[in-house]
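# Summary of the model geometry
Residue strings, one per chain:
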Protein chains: 2
Amino acid sequence: MSDDDLPGVSPKRRAILEGAAALFMAEGFGAVSMDAVARTAGVSKATLYAYFSGKDALFAEIIRGNCRRMQAAAPPSFSSHDLPLDRALVEFGEHWLNFLLQPQVRALHRMVIAECGRIPELARAFYEAGPLAVRAWVAGWLAEEVLRGRLRPGTDPDLAAEQFLSLLRGDLFLRATLGLEPQANPEAVSALARQAAAGFLAIYAAIRPLASERMDSSENLHRHES
Amino acid sequence: MSDDDLPGVSPKRRAILEGAAALFMAEGFGAVSMDAVARTAGVSKATLYAYFSGKDALFAEIIRGNCRRMQAAAPPSFSSHDLPLDRALVEFGEHWLNFLLQPQVRALHRMVIAECGRIPELARAFYEAGPLAVRAWVAGWLAEEVLRGRLRPGTDPDLAAEQFLSLLRGDLFLRATLGLEPQANPEAVSALARQAAAGFLAIYAAIRPLASERMDSSENLHRHES
DNA sequence: GTCTATAAATTGATAGAC
DNA sequence: GTCTATCAATTTATAGAC
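I will try to describe carefully the structure that is included in this document. As the structure is a computational prediction, the values presented were derived from the model and not from experiment. (Residues numbered from 1 in each chain as written. Chains lettered and ligands numbered in written order. Predicted model: local features only at pLDDT ≥ 70, side-chain atom pairs only at ≥ 80, totals over all residues. Heavy atoms only, no water.)

Residue and element names in this part refer to chain B. For the pair helix α5 (residues 85-100) and helix α9 (residues 186-204), interaxial distance at closest approach is 8 Å and the crossing angle is 135°. Between α5 and α9, the angle falls in the class oblique. Considering only the axes of α5 and α9, their crossing is right-handed. Touching L85, D86, L89, V90, G93, E94, L97 and N98 of α5 are V189, S190, L192, A193, R194, A197, F200 and L201, all from α9. Along the lines of polarity and charge, the residues of the contact of α5 with α9 split into ten nonpolar, three polar and three charged. (Axes fitted to C-alpha atoms, helices over the stretch in contact; angles between N-to-C directions. Helix = DSSP H or I, 4+ residues; strand = E, 2+ residues; numbered from the N terminus. Parallel < 35°, antiparallel > 145°, perpendicular 65-115°, else oblique. Left-handed = near helix turned anticlockwise from the far one by under 90°. Contact = heavy atoms within 4.5 Å. Nonpolar A, V, L, I, M, F, W, Y, C, P; charged D, E, K, R; others polar.)

In structure tokens, the structure reads:
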């Protein structure tokens, strides 16, 4: 069922999948012909149809394959136990935003949105492999932080995760999805992560700084983009 | 330049624009033929091409028209001066979410995302007429609230507006854009607006409640969805 | 301006030889 | 499995009569 990345897979199948993925991401599903797919992969159309029953099936397999890759690539590698909470939040935020703003990930998201009316299953698969999986991971992390006493007791980890991720997306995510953000600006990403972490901690931190300290830390963290 | 909604406009032009808009929103740009557009509008293809030079031009005019309509419909009608700040935030949040989650608005957003690779100008026009205009309006409002002393002095109105709107979008906005939210559930919208307002005030309210009061108000405001 | 009829190209998909 | 050659349908767009 899952052919991708395995060494024993037909090289033509790989060539078709990779070439077609690049075409679909660059021009969109509707604008790509099976003729172009075959030409790009260096095979004939008959061979193409020997591997995939049709254009929709090819598209679906590409989306599913990229969802698996997305699910595997998203979780961060750091352990939050070694860091102060604010540093850990910023670190995670930068990691996640850098992943999310990759052109291929934006292109995948765009394709799923464009075709969600015709093929709703793909939209659900994407949502569960992407946003939902990440939110679950963050919620688990935040639940630990509540137990460790670094977040306010009584915090709902799911809600907190949703709000943190929403703060992280900000307008940058909207613009990137609309193709208005050609390359991810590292400084904008860093600023956004710091702003989101500062906001999140203002809501959920177990120990609130006093008013005077608050102003200081917000001066440090709230550097504005653009 | 702007024909829409004016009474002196050719009825056939209107019929074409409205019919084509419905078709594009229902099936996507690529899946709709000019034949179907002409049939739906009750005109011949020759007439269709007499009004619009091609499929792309027709599409662009539909997007621009809907952007204007979106820009006109988004601002809320209430005056925040009559309400306590938390109520005003929730009220605005519900108003904006209800607007944003309309199927037509989601469909417009989807179409722009789907075609932003081919026609980048449309993505920019959409972003400026929609997200950017709303953020500017909210930033203006929040700047007033800072002056009135209901928000923390030193607050950056633009950043605060971005964060409030991000909290409002939450996961519901993502799901709706992916077509996973068939109809906007009024209770989910209301809950999301209350959660966003509570989070926003925890970051930016001028006067913080004491720890004990904080728990109470968060019990009231943080009702979790689904 | 509006129609009918049609051009000209491209589409997704297949038949049959090897 | 892989190719060449081709089908049948559909596509965008236009010519010419009224």
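Our next topic: the protein's contact with DNA strand C. Looking at DNA strand C, there are 14 residues lining it, with M34, K45 and Y49 of chain A together with A46 and T47 of chain B nearest. The sugar-phosphate backbone supplies 56% of the atoms of DNA strand C found within 4 Å of the protein. Note that a base nitrogen of DNA strand C is positioned 2.5 Å from one of the side-chain N or O atoms of K45 of chain A. S44 of chain B is positioned with one of its backbone polar atoms (N or O) 3.1 Å from a phosphate oxygen of DNA strand C. For the surface near DNA strand C, the secondary-structure elements that each account for two or more residues are α3 (45-51) of chain A together with α3 (45-51) of chain B. In terms of residue class, the surface near DNA strand C is built from seven nonpolar, four polar and three charged. (Near = heavy atom within 4 Å. Polar contact = N/O pair within 3.5 Å; in protein donor to acceptor, adjacent residues only side chain to side chain.)

Scanning all chains against the criterion turns up 28 salt bridges over all chains. Between E145 of chain A and R148 of chain A there is a salt bridge; the shortest N-O distance is 3.8 Å. By relative accessible area, which is 0% here, E145 of chain A ends up buried. On the accessibility criterion, R148 of chain A (38% relative accessible area) is partly exposed. Within the structure, one salt-bridge network assembled from shared partners comprises R135, E162 and R169 of chain A together with D171 of chain B. (Salt bridge = Lys/Arg side-chain N within 4 Å of Asp/Glu carboxyl O. Buried < 20%, exposed > 50% of the residue type's maximum accessible area, 1.4 Å probe, protein only.)

In the vicinity of DNA strand D there are 14 residues, among which A46, T47 and Y51 of chain A together with K45 and Y49 of chain B approach most closely. Backbone sugar and phosphate groups make up 57% of those atoms of DNA strand D lying within 4 Å of the protein. The separation between a phosphate oxygen of DNA strand D and a polar main-chain atom of S44 of chain A is 3.1 Å. Y49 of chain B places a side-chain nitrogen or oxygen 3.0 Å from a phosphate oxygen of DNA strand D. Taken together, the elements giving at least two residues each to the surface near DNA strand D come down to α3 of chain A together with α3 of chain B. Of the residues belonging to the surface near DNA strand D, the class tally is seven nonpolar, four polar and three charged.

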